[in-house]
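Examining the three-dimensional arrangement
So the chains spell out like this:
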Amino acid sequence: MIRGKAMPLYEYICPDCGLRFELLRPLRQASEAAPCPACHSDAGRVPSTFCALSQDESGLTSSIGGNSCASCGAPGCDTCGL
Ligand SMILES: [Zn+2]
């Protein structure tokens, strides 16, 4: 698609079959459930994984605070542009 604004790509995961899929949607629909292409259940949006994943389970013990974003260092991920 060339004309108009590019719609952002969102990732969804199906709670029933575990399928992850991506969907181009307008921003205002991003948080709405999307039908799973495999089983048609309501799949929820996958939150941004850049900041959500904690590395604590991989053996890395950078246990200072532990709540700050790994990529930007901010206390909340809203400021992380990655
Ligand atoms: Zn499914």
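Reading the values: rules and limits
Residue numbering note: each chain is counted from 1, following its sequence as written. This being a predicted model, a pLDDT of at least 70 is required before a residue's local features are given, and a value of 80 or more before pairs of side-chain atoms are given or counted; all residues contribute to the totals for chains, interfaces and linings. Side-chain numbers here rest on the full set of heavy atoms in the structure, without hydrogens or water. Sites may look incomplete because water is not among the atoms; the donors themselves are N, O and S atoms within 2.8 Å of the metal, or within 3.2 Å for Na, K and Ca. Donor angles set the geometry label: tetrahedral for four donors if every angle is between 85 and 135 degrees, square planar for four and octahedral for six if opposite donors exceed 155 degrees and the others are between 65 and 115, irregular for anything else. Numbered from the N terminus, helices here are DSSP runs of H or I no shorter than four residues, and strands are runs of E no shorter than two. Any two of the Phe, Tyr and Trp rings considered here, Trp counted by its six-membered ring, make a pair once their centres fall within 6.5 Å; the pair's planes then place it as stacked at under 30 degrees, edge-to-face at over 60, or tilted in between. The cut-offs for exposure are 20% and 50% of the maximum accessible area for each residue type, with area from a 1.4 Å probe on protein chains only; residues under the lower value are buried, those over the upper are exposed, and the others partly exposed. A pair of strands is treated as paired once DSSP finds two or more bridges between them. Only heavy atoms enter the contact rule, under which two residues are in contact if any of them lie within 4.5 Å.

1. A few points about the coordination of the zinc ion
Coordination of the zinc ion by the protein involves Cys-14 (SG), Cys-17 (SG), Cys-36 (SG) and Cys-39 (SG), with metal-donor separations of 2.2 to 2.3 Å. Coordination at the zinc ion is tetrahedral, judged from the four donor atoms that bind it and the angles of 101 to 122° they form at the metal. Each donor residue of the zinc ion belongs to the same chain, and together they define the spacing C-x2-C-x18-C-x2-C. Taken as a pair, Cys-14 in the loop between β1 (9–13) and β2 (20–24) and Cys-36 in the loop between β3 (34–35) and β4 (42–45) lie far apart in primary sequence, 22 residues in all.

2. A few points about the packing of aromatic side chains
In the structure shown here, the tally under the stated rule is one aromatic pair. Residues Tyr-12 and Phe-21 carry aromatic rings whose centres are separated by 5.8 Å and whose planes lie at 20° to one another, so their mutual orientation is stacked. Of the two residues, Tyr-12 and Phe-21, neither departs from the other in class, the shared state being buried.

3. A few points about the pairing of β4
Bridge count between β1 and β4: two bridges; the pairing is antiparallel. Looking at β4, one finds that Tyr-12 is bridged to Arg-45. Direction of pairing for β3 relative to β4: antiparallel, over a ladder of two bridges. The partner of Ala-34 across the bridge, within β4, is Ala-43. From the end of β3 to the start of β4, which pair antiparallel, there are six residues, and His-40 there has a positive phi angle of about 65°.

4. Regarding the environment of Ala-43
Turning to its location among the elements, Ala-43 is positioned in strand β4. Ala-43 sits in the buried class, given a relative accessible area of 0%. A C-alpha to C-alpha distance of 5.4 Å links Ala-43 and Ile-13, two positions 30 residues apart in sequence. Contacts of Ala-43, omitting those with residues within four sequence positions, involve Tyr-12, Ile-13, Cys-14, Pro-15, Phe-21, Ala-33 and Ala-34.

5. Some words on the pairing of β1
It is a general feature of regular strands that their side chains alternate between the two faces of the sheet. Side chains Tyr-10 and Tyr-12 project from β1 onto a buried face, and the interleaved Leu-9, Glu-11 and Ile-13 project onto a face without burial. As paired elements, β1 and β2 share five bridges and run antiparallel to each other. Counted as the bridge partner of Tyr-12 is Phe-21 from β2.

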